[in-house]
Amino acid sequence: MYCMTPTIETKSTAEIQHFQEEKLQILLTYLQANSKYYKNVFATKNIAISSIKTLSDLAKIPVTTKDDLQLHNDDFLCVPKNDIVDYVTTSGTMGNPVTFALTDADLDRLAYNEAISFACAGVTKNDTVQLMTTMDRRFVAGLAYFLGVRKLGASIIRVGAGIPELQWDSILKFNPKYLIAVPSFLLKLIAYAEANNIDYNASSVKGVICIGESLRNEDFSLNLLANKITSKWKIDLFSTYASTEMSTAFTECEAKQGGHHHPELIITEILDDDNNPVKEGEYGELTITTLGVEGMPLLRFKTGDILREHREPCACGRNTMRMSPVMGRKKQMVKYKGTTLYPPALYDLLNDFDAIENYIIEISHNDIGTDEILIKIGTESPSHELLDRIKDHCRAKLRVLPTLEIHDIESINALKFPKMSRKPILFIDKR
Ligand SMILES: [Zn+2]
């Protein structure tokens, strides 16, 4: 049995900050000794690591971008090759994937991270969890979930992604209390159950740890996708936000007011376009410093994700910061007819229509240099009435009207699932 809620999470904000500043010293010493990339940054920018004492001193160190990581990938590695246990890749900004190498200790750290995250959402050692995401294909997430459930002392069924029939077979055979799934896939599970007379509300499933897609609006109320799921299936949805680069998850507790920060694992900053901190509570780019990572630690890495922090104490008793839902990816920001929007707002809107089978959003520059939004919609029942309803919805929710086109479902699926892609593509950026 693994004892949960680390004591630091219920300490005061000042104590948490002091704790992180001590961890930061350890990281800086480690980078100075082992990281070719950061050693070079410290030397060329004349930074004495002894001058970085507090979290606000971090501002003296330049940020690390995704391009830096891609251009100098090998220089970030802090251990000899024979210490590497697991290789994973993430999609790079300039096409080539970025490699992350994890040591034995890094896998232990990931297991700890997921164990306390699942515990935060209420999973205990007495529970069985069904994993509905892939374990291989150079992803780290599925492996991390497996290790976390194991560390927690709970049981896991590794079904992998897709295949509703096998998912239901496993649910009915092993009676999991929790699922780990992409929320939109839950709609497929509901549809399969309905078509095959499975009473999903009578099943063992009580909660889902939801990955990859947002569940909530800015005020933490359920978004359209989540409402669509829970209006049929009476289950608890918990959001978790993580990435390979962060090697850390922000998972909701039962209060469901944002993903909790684990101070022993990561330092967070929310920065504006000039790399200055935003005002407290404002949206900006999440910038992270990993703590306790051995293979490829990152210092002030700009994640590209736009979010904001909530710092009031939580009803669960933790005093750690909570991360808002991701508003979008910085690179995918669309300036359209005087409005700034991010693709998730469009996904949320389109997911509300049962008649929409699939869709692709294409963003391009027009000849006057501003953005254009084209939404290609696949449906089995095309009609003017459907188009009008989508248009009304766009005007009400976005206050602007993108260009809409109806296409056949197959041609959109061809765009959505290109060969070699590990995730469905919903957004094509032609800018
Ligand atoms: Zn909480």
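Quick note: structure is the one above.
Here goes a summary of the coordinates provided. Numbering of residues starts from 1 in every chain and runs along the sequence as written. With pLDDT at 70 or above as the cut-off, local features in this predicted model cover only qualifying residues; side-chain atom pairs require 80 or more to be listed or tallied, and sums for whole chains, interfaces and linings still use all residues. Neither water nor hydrogens contribute to the side-chain values; these are computed over all heavy atoms in the structure.

## Details of the side chain of D106
Phase 1 of the analysis: The way it works is that DSSP assigns letters per residue, a run of H or I at least four long becomes a helix, a run of E at least two long becomes a strand, and they are numbered from the N terminus. Secondary-structure assignment places D106 in helix α4 (residues 104–120).
Phase 2 of the analysis: Notably, D106 is buried but unbridged: the nearest opposite-charge side chain belongs to R109, and the N-O separation is 6.0 Å.
Phase 3 of the analysis: Filtering out sequence-adjacent residues up to four positions away, D106 remains in contact with A101, G292, V293, E294 and G295. A simple rule labels every residue: compare its accessible area, found with a 1.4 Å probe on the protein chains alone, to the largest value its type can have, and call it buried under 20%, exposed over 50%, or partly exposed in between. Charge assignment in this entry is limited to Lys and Arg as positive and Asp and Glu as negative, and neither His nor the chain termini are counted. In the sections that follow, a salt bridge refers to a side-chain nitrogen of Lys or Arg positioned within 4 Å of a carboxyl oxygen of Asp or Glu. Contacts are assigned to residue pairs with any non-hydrogen atoms lying within 4.5 Å of each other.

## Some details on the coordination of the zinc ion
Phase 1 of the analysis: Donor atoms from the polypeptide that bind the zinc ion are C253 (SG), H260 (NE2), C314 (SG) and C316 (SG), placed at 2.1 to 2.3 Å.
Phase 2 of the analysis: Here a donor is any nitrogen, oxygen or sulfur atom (N, O, S) within 2.8 Å of the metal, with 3.2 Å used for Na, K and Ca; water is not among the atoms considered, so some sites may look incomplete. Every geometry call rests on angle ranges, with four donors termed tetrahedral when all angles are between 85 and 135 degrees, four termed square planar and six termed octahedral when opposite donors are over 155 degrees apart and all others are between 65 and 115, and everything else termed irregular. Because the angles between the four donor atoms bound to the zinc ion fall within 103 to 114°, the donor set is best described as tetrahedral.
Phase 3 of the analysis: In terms of primary sequence, the donors binding the zinc ion are separated according to C-x6-H-x53-C-x1-C. With C253 in the loop between β8 (248–252) and β9 (259–260) and C316 in the loop between β13 (309–310) and β14 (322–323), the pair connects residues that are 63 residues apart, well separated along the chain.
Phase 4 of the analysis: Residue classification places C253 among the buried positions, given a relative accessible area of 0%.
Phase 5 of the analysis: Given a relative accessible area of 25%, C316 falls into the partly exposed group.

## So, the packing of aromatic side chains
Phase 1 of the analysis: Pairing of aromatic rings covers Phe, Tyr and Trp, the last counted by its six-membered ring, and requires centre-to-centre distances within 6.5 Å; plane angles under 30 degrees mean stacked, over 60 mean edge-to-face, and any other angle means tilted. Taken as a whole and assessed by the stated rule, the structure comprises eight aromatic pairs.
Phase 2 of the analysis: Considering the side-chain rings of Y200 and W233, the 5.8 Å spacing of their centres and the 70° angle between planes classify their relative orientation as edge-to-face. Placement of the pair is Y200 in the loop between α7 (183–195) and β6 (207–210) and W233 in the loop between α8 (224–232) and β7 (236–243), with a sequence separation of 33 residues. Pair check on accessibility: Y200 and W233 agree, each one buried.
Phase 3 of the analysis: Members of the aromatic cluster, each reached through a chain of ring pairs, are Y37, Y38 and F76.
Phase 4 of the analysis: By definition, being over a ring means that NZ of Lys or CZ of Arg is both within 6 Å of the ring centre and within 35 degrees of the ring normal. Cation over ring: R158 sits above F146, and NZ or CZ is 5.7 Å from the ring centre.
Phase 5 of the analysis: The ring of F238 carries K256 above its face, with NZ or CZ at 4.9 Å from the centroid.

## Describing the pairing of strand β3 (residues 128–131)
Phase 1 of the analysis: Neither face of β3 is left uncovered, since the one carrying T128 and Q130 and the one carrying V129 and L131 both have all their residues buried.
Phase 2 of the analysis: If DSSP finds at least two bridges between two strands, the strands pair. Bridge analysis of β3 against strand β5 (residues 178–181) gives three bridges, and the strand direction is parallel. In the sheet register, L131 faces β5, and the bridge partner there is I180.

## Side note on the nonpolar core
Phase 1 of the analysis: Judged by nonpolar contacts, the single largest core of 44 residues is most densely connected at Y38, F42 and L299.
Phase 2 of the analysis: Elements that contribute at least two residues to this core include exactly α1 (13–34), α2 (36–44), β2 (98–103), α4, α5 (141–152), β10 (266–271), β11 (284–290) and β12 (301–307).
Phase 3 of the analysis: Core analysis: the next-biggest nonpolar cluster, separate from the first, contains 24 residues, L350, F353, I375 and L387 among them. By nonpolar core is meant a set of buried Ala, Val, Leu, Ile, Met, Phe, Trp, Tyr and Cys residues that side-chain atoms within 4.5 Å join together.

## Overview of the sheet that holds β10
Phase 1 of the analysis: The strand order across the open sheet built from four strands is β10-β11-β12-β15, with neighbouring strands paired in antiparallel fashion. Where the open sheet ends on each side, the last strands, each with one partner, are β10 and β15 (328–329).
Phase 2 of the analysis: Pairing geometry for β11 and β12, over four bridges, is antiparallel. Bridged to G284 within β12 is L307.

## Side note on the environment of T103
Phase 1 of the analysis: Looking at the secondary structure, you find T103 in strand β2.
Phase 2 of the analysis: For T103, a relative accessible area of 1% corresponds to the buried category.
Phase 3 of the analysis: Separated by 191 residues in sequence, T103 and E294 have C-alpha atoms that sit 6.7 Å apart.
Phase 4 of the analysis: With near-sequence residues (within four places) excluded, T103 lies in contact with V79, D83, V85, E294 and G295.

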